[in-house]
Amino acid sequence: MAVGPMVWSRLVRLTHWGVAAAVLFDLFNETGPLHRATGYGAVALVLLRLAYGACMPAGDPAALSRPGLTAIGVHLREMGRGHLSPVAGHNPLGQWAAYLMWALVLALGLTGWMSRLDAFWGDDGLIELHEALADGLMACVALHLMAVALVSRLQGESLLRAMLTGRRRG
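Because the structure is predicted, anything quoted here is derived from the model rather than measured.

Undergrad: Tell me what's going on with the overall build of the protein, and back it up with residues and numbers.
TA: In terms of helices and strands, the protein carries 6 helices and 2 strands. Principal-axis analysis of the C-alpha atoms gives the protein an extent of 55 × 30 × 30 Å. Within the protein, the proportion of its 170 residues that are buried is 35%. Residue pairs at least 24 apart in sequence account for 66% of intrachain contacts in the protein once pairs closer than 6 positions are excluded. Total accessible area on the protein is roughly 10,200 Å²; 68% of this is exposed by carbon and sulfur atoms. Across the protein, 13 positive and 11 negative side-chain charges occur, with their mean positions spaced 20 Å apart.

Now the structure itself:
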């Protein structure tokens, strides 16, 4: 197999796997200072990834794009036919899924921080919101993993390998 072009930079891969590790860690360590520190670390990684993406020129796989409904429709029709056009970075649904997961991580960091403030002391509603956001993130992660497997199959190449090595096949 030929070595393909670089698609995901080291920074993109570091932020991806760092957030994944932090989310997994916090899933099993639900309270305490280490949970909070790990959550804030995940927030910092998401902010770094967003800043990096905002600085990338249009067309760069790491750039922050906003695929429209037309692109999403084309992508869904291709999936229905069992074939996907190659893309350098995220496909249209993948880009919006990344935004949703990043927003959930940021909202979790905010609600976690707010729960420590005197103004919200004893507010069970904030804790319940934090837990609901965490459940939503877990659902998104599960869908993300299934989508990676499906898109890898439809494209005939491992997206996991690309996120590990930074390269797609040639």
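Undergrad: Explain the layout of surface pockets to me, using residue names and the numbers behind them.
TA: Considered as a void within the structure, the largest pocket measures approximately 1,200 Å³ in volume. Lining the largest pocket are 42 residues; nearest its centre among them are His-16, Met-101, His-144, Leu-145 and Val-148. Residue assignment for the lining of the largest pocket shows that the elements contributing at least two residues are helix 1 (10–28), helix 3 (69–81), helix 4 (92–114), helix 5 (124–155) and helix 6 (159–165). It is helix 5 that provides the largest number of residues to the lining of the largest pocket, a total of 12 residues. For the lining of the largest pocket, the class distribution of residues is 31 nonpolar, 9 polar and 2 charged. Computed from the structure, the second largest pocket encloses a volume of approximately 860 Å³.

Undergrad: Outline the environment of Arg-169, listing residues and values.
TA: By secondary structure assignment, the location of Arg-169 is in strand 2 (residues 167–169). Arg-169 sits 31 residues away from Met-138 along the chain, and the two C-alpha atoms are 30 Å apart.

Undergrad: Please provide a residue-by-residue account of a nonpolar patch on the surface, values included.
TA: A contiguous nonpolar patch, built from Trp-17, Leu-160 and Leu-164 and spanning about 290 Å² of accessible area, is present on the exposed surface. Here Leu-160 is to be found in helix 6.

Undergrad: Describe the nonpolar core, with residues and values.
TA: Among the nonpolar cores identified, the biggest contains 16 residues, and Val-19, Val-23, Val-46, Trp-102, Leu-104, Val-105 and Leu-137 are the most heavily contacted of them. At the level of secondary structure, the elements contributing two or more residues to this core comprise helix 1, helix 2 (33–55), helix 4 and helix 5. Residue contributions to this core peak at 7 residues, all from helix 4. The contacts of Leu-104, once residues within four sequence positions are left out, are Leu-133, Gly-136, Leu-137 and Cys-140. Formed by 6 residues, the second largest nonpolar core is a distinct cluster that contains Val-7, Trp-8, Val-12 and Ala-162.

Undergrad: For the pattern of salt bridges, give the residues involved together with the corresponding values.
TA: Under the criterion given, the structure shown has 1 salt bridge. Linking Glu-157 and Arg-168 is a salt bridge whose minimum nitrogen-to-oxygen distance equals 4.0 Å. Note that Glu-157 is positioned in the loop between helix 5 and helix 6 and Arg-168 in strand 2, a separation of 11 residues in sequence. We classify Glu-157 as buried; its relative accessible area is 16%.

Undergrad: Describe the environment of Leu-154, and please don't skip the residues or the numbers.
TA: Position of Leu-154 among the secondary structure elements: in helix 5. Separated by 135 residues in the primary sequence, Leu-154 and Val-19 have C-alpha atoms spaced 26 Å apart. The contact partners of Leu-154, leaving out residues within four places of it in the chain, are Met-79, Gly-82, His-83 and Leu-84.

About the criteria used
Residues numbered from 1 in each chain as written. Predicted model: local features only at pLDDT ≥ 70, side-chain atom pairs only at ≥ 80, totals over all residues. Heavy atoms only, no water. Helix = DSSP H or I, 4+ residues; strand = E, 2+ residues; numbered from the N terminus. Buried < 20%, exposed > 50% of the residue type's maximum accessible area, 1.4 Å probe, protein only. Contact = heavy atoms within 4.5 Å. Areas by Shrake-Rupley, 256 points an atom, 1.4 Å probe, with all protein chains shown as cover. Lys, Arg positive; Asp, Glu negative; His and termini not counted. Charge placed at Lys NZ, Arg CZ, Asp CG, Glu CD. 1 Å grid on protein atoms, 1.4 Å probe; cavity = no way out; pocket = protein on both sides within 12 Å on 5 of 7 lines; lining within 4 Å. Points joined across faces, edges and corners; volume = space filled by probe spheres on them. Nonpolar A, V, L, I, M, F, W, Y, C, P; charged D, E, K, R; others polar. Patch = residues over 30% accessible without salt bridge, like charges linked within 9 Å, V, L, I, M, F, W, Y side chains within 5 Å. Salt bridge = Lys/Arg side-chain N within 4 Å of Asp/Glu carboxyl O. Core = buried A, V, L, I, M, F, W, Y, C linked by side-chain atoms within 4.5 Å.

It is worth stressing that arrangement in space is one thing and function is another; only the former is reported here.
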